[in-house]
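Architecture and fold: a report
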Amino acid sequence: MSASRDMLCDTARAVFAEAAAKGVAPVEEAGFGSLLVPEDQGGFGGDWCDANEVLQIAGVIVPELPVAEVIASEALQPAAMVSLMAGAMGQALALSIEHVNMRQQFGRPLGKFQAVQQSLAVMACEVRAVEAAAAALAVRLDVANLDPSVVGFEIAAAKLRANRAVGVVTSIAHQVHGAIGFTEEYDLHRVTIPLMRWRGTHGNDAHWAQILGRQVAGFGGRGLWEVMTARGA
Amino acid sequence: MQGFALYPFDPPGDIAALRADLRGWLTVNQPQDDVVARANCWASFDAGFSRALGAAGYVGMTLPARYGGGDRHLLERYVVIEELLAAGAPVGAHWIADRQTGPLILRYGSEAQRERYLPGIAKGELYACIGLSEPGAGSDLAAVRTTARETAEGWRINGQKIWTTGAHFSHIMLALVRTEEESERNAGLSQVLIDLDTPGITIRPIIDMAGHHDFNEVFFDDVLVPHGALVGERGQGWKQVTAELGLERSGPERYLSSHALLAALIDAAGPDPDPAVASLIGELTAEMWTLRQLSMSTAAKLAAGEDPMVEASVVKELGNAFEQDMPRRVQAIVDCAWEGSDDLARLLRALLIASPSFSLRGGTREIIRGIIARGLGLR
Ligand SMILES: Cc1cc2nc3c(=O)[nH]c(=O)nc-3n(C[C@H](O)[C@H](O)[C@H](O)COP(=O)(O)OP(=O)(O)OC[C@H]3O[C@@H](n4cnc5c(N)ncnc54)[C@H](O)[C@@H]3O)c2cc1C
């Protein structure tokens, strides 16, 4: 990651930590609204790869605040949501790993039981898939100068893939946590409830599956491969 | 395991031209045979096609020119194989030699071994098989019992391999054997290159549940191979095999084996599909697009000289699940007879029957998940 993106992420972490207590105002005051505004127009001049990192951090620290609305236009909200979801899923995984390494039953940490290891491996695959989708979508959006009309295919694919990961990720995270994960006090619900909500926000599975499916039907069987390879690498 | 960082996939050279040339070449040279052969096509044997592909420079691409290779970048080869798989080209004859045996000989082999084997591999004429599994050593590969004892004349090999794909048409086997007497588990193992026409080798077919002859049992009865048959370092077989499996697990074949079915589904659905079919096409496309990003990123990490063991396992796990799921989901919503003769019905039947093997070959689902769990710090 570039040095300026590292710095941006550090700033985001600090500002979002403050916002977690105070609401979205610190995010606006810190200027995240101009993250994507070009430098010659007085903005930060960031690209979507920057926004992806920042939104993933928001998905971890302040999933309940409207950070995506501060950063991105209405048309880019589905794309922003993929990054938020990737961040929140990464956090659900991190909390789960931490928990199973600490919690002991039958005289050993839960993480030493093969059944638990296999569940978390399944969850990790889903999380990596959504992180990859968010990152690939970001690269594509930057190539398209953030014009969502050119990136319809990738937005649909990435949001749909993220939606489909929600069930596996939230259910395994809660399962390995046991009752403590079901409490108000413990932090897991701070990411799992937003994930449940986001699956149906800015397009649920059926919405994007229809759009993508009809688009691909128009390409034809061979056409799908040709389009996919023409749109990157 | 760290969060996923996308490795930029940027091969050198004109990739659009590489794709276009290969597509053009395929329209002339790909046999227009049965559509079923286009599914799971890295198991489709066609010696003539492999030779033509080699002559056109699409085999052994990453091997150095002095061994007949193409001196091309790892990611240029990636582009070529994803095109071959998406087209359903019959690449089975040379597949293993090109994917793993050639690169492994280049990395660990002696100069004599490189000169002896690599030119044939790069021509698409010399085929290889992988001798790992034994009756008592499946997932527990460290239980390998086939021995090679050093004698004055060379190595004497005794024992048995099983499930060896392509042993019946291959020229060589890269086998994992126990070279150190009394050694246990993963210590004392070495890799040897065995010419399969050496006396004392018996190859017996095992017919799979689809009725195909792809894998075999291979028996070694006092088989004598020269001292120079040892590959790499004596006793380091385990380490070398692990590196080999990295090459084996992350490729585009882990999500493109069933591409012919997706293409047939799209064609059968036509430009105005009913909502259920459109929905399925959308979901499968989203999964495939994501898998392609993961697979390309893993290849780029490999090309950057890093070890993407965990990422490769993620690609295999998700790819296998995708490919096993696809025929089941197609069958659930598309009305087609089991004995139907149209492309879609025949592909569906073939892939439903082939798909149980996807999460067995190259490491079972449970073993792969164990590797991922280790990457998560749980083991
Ligand atoms: C089509 C095909 C082609 C193949 N080609 C080759 C080849 O070319 N060369 C070669 O050497 N081998 C080849 N194999 C063999 C393949 O590598 C083995 O099948 C595989 O390693 C599993 O071994 P096994 O079949 O003995 O199953 P087993 O090891 O007996 O496993 C059976 C089941 O038990 C599970 N299991 C085993 N151990 C554990 C554990 N510790 N924890 C949890 N679950 C466990 C497994 O995951 C699996 O579900 C091929 C297999 C197939 C199906």
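Cut-offs and rules
- Residues numbered from 1 in each chain as written.
- Chains lettered and ligands numbered in written order.
- Predicted model: local features only at pLDDT ≥ 70, side-chain atom pairs only at ≥ 80, totals over all residues.
- Heavy atoms only, no water.
- Helix = DSSP H or I, 4+ residues; strand = E, 2+ residues; numbered from the N terminus.
- Rg over C-alpha atoms; globule rule 2.2 N^0.38 Å.
- Buried < 20%, exposed > 50% of the residue type's maximum accessible area, 1.4 Å probe, protein only.
- Contact = heavy atoms within 4.5 Å.
- Areas by Shrake-Rupley, 256 points an atom, 1.4 Å probe, with all protein chains shown as cover.
- Lys, Arg positive; Asp, Glu negative; His and termini not counted.
- Charge placed at Lys NZ, Arg CZ, Asp CG, Glu CD.
- Near = heavy atom within 4 Å.
- Polar contact = N/O pair within 3.5 Å; in protein donor to acceptor, adjacent residues only side chain to side chain.
- Buried area = accessible area lost by both parts, 1.4 Å probe.
- Salt bridge = Lys/Arg side-chain N within 4 Å of Asp/Glu carboxyl O.
- Nonpolar A, V, L, I, M, F, W, Y, C, P; charged D, E, K, R; others polar.
- Domains from an automatic or database assignment.
- Phe/Tyr/Trp six-rings, centres within 6.5 Å; stacked < 30°, edge-to-face > 60°.
- Lys NZ or Arg CZ within 6 Å of the ring centre and 35° of its normal.
- Pairing = 2+ DSSP bridges.

1. Points about the overall build of chain B
Along its length, chain B carries 12 helices and eight strands. Its C-alpha atoms give chain B a radius of gyration of 21 Å, near enough to 21 Å, the size a compact globule of 379 residues would have. Taken along the three principal axes of its C-alpha coordinates, chain B extends 70 × 45 × 40 Å. By the burial criterion, 57% of the 379 residues in chain B qualify as buried. The long-range share in chain B, meaning contacts at least 24 apart out of those at least 6 apart in sequence, stands at 74%. Carbon and sulfur atoms make up 51% of the accessible area of chain B, which totals about 14,800 Å².

2. Brief notes about the overall build of chain A
Along its length, chain A carries 10 helices and two strands. Taken from the N to the C terminus, the helices and strands of chain A come in the order α-α-α-α-α-β-β-α-α-α-α-α. Expressed as a percentage of its 233 residues, the buried residues of chain A come to 55%. Sequence-distant contacts, at least 24 apart, represent 73% of the contacts inside chain A between residues at least 6 apart. Carbon and sulfur atoms form 55% of the exposed surface of chain A, whose accessible area is close to 9,500 Å². Between the centroid of the 17 positive side chains of chain A and the centroid of its 24 negative side chains there is a distance of 11 Å.

3. Comments concerning the site of the ligand
The local shell around the ligand holds 15 residues, among which Gln114(A), Ser133(B), Ser139(B), Thr364(B) and Glu366(B) are the closest. Each of chains A and B places residues near the ligand. Between the ligand and Thr364(B) there is a distance of 2.6 Å, counted from an oxygen atom to a side-chain nitrogen or oxygen. Residue Glu366(B) places a side-chain N or O atom 2.7 Å away from an oxygen atom belonging to the ligand. For the ligand, the protein covers 64% of the area, taking 970 Å² as the surface of the free molecule.

4. Things to note about the interface of chain B and chain A
Listed per partner, the contact involves 53 residues of chain B and 47 residues of chain A. Interface area lost by chain B to chain A is led by Trp289(B), Leu376(B) and Leu378(B), which between them contribute 18%. Counting the contacts that link chain B with chain A gives four salt bridges. For Glu283(B), the salt bridge identified is with Arg164(A), shortest N-O distance 3.1 Å. Our count for the contact surface shared by chain B and chain A stands at 11 residue pairs in polar contact (both at pLDDT 80 or more). Looking at the side of chain B that touches chain A, the elements that each hand over two or more residues are helix H1 (15–29), helix H3 (74–87), helix H7 (253–256), helix H8 (259–269), helix H9 (275–303), helix H10 (309–333) and helix H12 (365–375) of chain B. Tallying contributions element by element places H9(B) first for the side of chain B that touches chain A, with 16 residues. Taken together, the residues that form the side of chain B that touches chain A break down as 28 nonpolar, 11 polar and 14 charged.

5. Things to note about the domain arrangement of chain B
Put simply, an interface is often sized by how much accessible area is lost when its parts join up. Residues and elements named next belong to chain B. If you check the domain split of chain B, you get domain 1 (15–126), domain 2 (130–235) and domain 3 (250–375). In this complex, domain 1 contributes 16 residues to the contact, which on the side of domain 2 involves 15 residues. Counting the surface lost from both domain 1 and domain 2, the interface buries some 1,200 Å², and carbon and sulfur atoms represent 67% of this. On inspection of domain 1 and its partner domain 2, the count reaches one salt bridge. Put simply, arginine 116 and aspartate 195 hold a salt bridge, and the shortest N to O gap is 2.3 Å. Across the domain 1-domain 2 interface, the total number found is six residue pairs in polar contact (both at pLDDT 80 or more). Among the elements of the structure, helix H4 (95–108) and helix H5 (111–122) are those that each provide at least two residues to the side of domain 1 that touches domain 2. Looking at the side of domain 1 that touches domain 2 residue by residue, the classes come out as nine nonpolar, five polar and two charged.

6. Some details on the side chain of Gln113(B)
Residue and element names in this part refer to chain B. Here glutamine 113 shows up in helix H5. By relative accessible area, glutamine 113 is classed as buried at 4%. Apart from the residues lying within four places of it in its own chain, the contact partners of glutamine 113 are Ile105, Leu118, Leu193, Gly228, Ala229, Leu230 and Val231.

7. Section: the packing of aromatic side chains
As enumerated under the stated definition, the model contains 11 aromatic pairs over all chains in all. Measuring from ring centre to ring centre gives 5.9 Å for Phe106(A) and Phe113(A), while their planes differ by 75°; the resulting arrangement is edge-to-face. Ring geometry for Trp163(B) and Phe215(B): centres 5.2 Å apart, planes at 55°, overall tilted. Of this pair, Trp163(B) sits in the loop between strand S3 (155–162) and strand S4 (172–178) while Phe215(B) sits in strand S7 (residues 213–225), and the two are 52 residues apart along the sequence. Overall, Trp163(B) belongs to the partly exposed group, its relative accessible area being 45%. Taken together through their ring pairs, the aromatic side chains of Trp25(B), Phe49(B) and Tyr58(B) make up a single cluster. Across the ring face of Phe113(A), the terminal group of Arg108(A) is positioned such that the distance to the ring centre comes to 4.2 Å.

8. Considerations on the pairing of S3(B)
Residue and element names in this part refer to chain B. Strand direction decides the pairing type here: strand S2 (residues 147–150) and S3, joined by four bridges, are antiparallel. Looking at the pairing, glutamate 150 lines up with tryptophan 155 of S3. Between the antiparallel neighbours S2 and S3 lie four residues, among them glycine 154 with a positive phi of about 155°. Relative to S7, S3 runs antiparallel, the two sharing seven bridges. Residue pairing in the sheet places isoleucine 162 in a bridge with glutamate 217 of S7.

9. Description of the environment of Leu261(B)
Residues and elements named next belong to chain B. Turning to its location among the elements, leucine 261 is positioned in helix H8. Overall, the relative accessible area of 0% leaves leucine 261 in the buried class. The spatial distance from the C-alpha of leucine 261 to the C-alpha of asparagine 216 is 28 Å, given a sequence separation of 45 residues. Apart from the residues lying within four places of it in its own chain, the contact partners of leucine 261 are Met326, Pro327, Val330, Leu344, Leu347, Leu348 and Leu351.

10. Structural notes on unusual backbone geometry
All names here are of chain A. Positive phi is not limited to glycine here, since phenylalanine 106 has a value of about 55°. Along the chain, the position of phenylalanine 106 falls in the loop between strand S1 (104–105) and strand S2 (108–109). The phi torsion at leucine 146 lies on the positive side, around 65°, for a residue other than glycine. Structurally, leucine 146 is set in the loop between helix H6 (114–143) and helix H7 (152–177).

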